[in-house]
Amino acid sequence: MEQPIFIINTSMSKEDYRKFLYIATFRRNKVIIPLLLLVSLLGGIIISLDSGGFSFTRLIISWILLFALAIALVIFKVERKNAQRIKTDKTGTFDSINTLKFYEDRIVMENKELKSKGEIKYSQFFALMESKDYFIFYLTATQASLVRKRDVDNLNAFREFILEKFKGRYKKI
């Protein structure tokens, strides 16, 4: 019988999920911050042109305030989504142990608590992203699974192995 190359027992706490939401919102897509800056600049220009004349001071102040408001709204949305997910989690997803077995051509995922088991080939994944604390395996553009780096025994060997499997679909964030 074929033996897995790596076996990782990992879990996702509520705090891990919260961090993931922020990573997915701000770091996965590098255009979010520049887009918010641009939209708030446009709003600042409109505000600075109000009252008949252009005011550079009004432009800078309104730009800063509108950007702060935009960031606050995004943070509010992330926190709301986090609270909603935690509130609606009836299956015990958080803190349950996921056993991931990495073979040459596939990953086998198992969660005994949830009585679930699945297998997926590396070619079926949408992407792999690596942050400071996590490997984030995207099954689709919006559905992901986390592996906490602290749960990986030999991080360098695992990274080398997994990067080979995700050539062209890997991004360090």
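Criteria and cut-off values
- Each chain has its residues counted from 1, running along the sequence as written.
- Under the rules for a predicted model, residues below a pLDDT of 70 receive no local features and side-chain atom pairs below 80 are neither given nor counted, while totals for whole chains, interfaces and linings still include all residues.
- Side-chain metrics in this entry use all non-hydrogen atoms of the structure; hydrogen atoms and water are not considered.
- Residues are called lining when one of their atoms sits within 4 Å of a cavity or pocket point, these points coming from a 1 Å grid over the protein atoms alone, where a cavity is a set in which a 1.4 Å probe fits but cannot get out and a pocket is an open set with protein on both sides within 12 Å along at least five of seven lines.
- Grid points are joined across faces, edges and corners, and a volume is the space filled by probe spheres set on the points.
- Helix numbering and strand numbering both begin at the N terminus, where a helix is a DSSP run of H or I of at least 4 residues and a strand a DSSP run of E of at least 2.
- Note on residue categories: nonpolar means Ala, Val, Leu, Ile, Met, Phe, Trp, Tyr, Cys or Pro, charged means Asp, Glu, Lys or Arg, and polar means any other residue, Gly included.
- Each residue carries a pLDDT score, the predictor's own confidence in it, on a scale running from 0 to 100.

Novice: Explain empty space enclosed by the protein to me, using residue names and the numbers behind them.
Specialist: Scanning all chains against the criterion turns up one cavity of 30 Å³ or more. When its volume is computed, the largest cavity comes out at roughly 50 Å³. Residue lining of the largest cavity: Leu100, Ile107, Met109, Phe125, Phe137 and Ser145, and that is the complete set.

Novice: How would you sum up the layout of surface pockets? Please name residues and give values.
Specialist: By volume, the second largest pocket is sized at about 440 Å³. Broken down by secondary-structure element, the contributors of at least two residues to the lining of the second largest pocket are helix 1 (14-27) and helix 3 (56-88). Within the lining of the second largest pocket, the residues separate by chemical class into nine nonpolar, three polar and three charged.

Novice: Got a sec to walk through the confidence of the model for the protein? Specific residues and values, please.
Specialist: Mean pLDDT over the protein works out to 86, with 97% of the residues at or above the 70 mark. The weakest mean pLDDT in the protein belongs to helix 1 at 84; the strongest belongs to helix 4 (residues 155-165) at 91.

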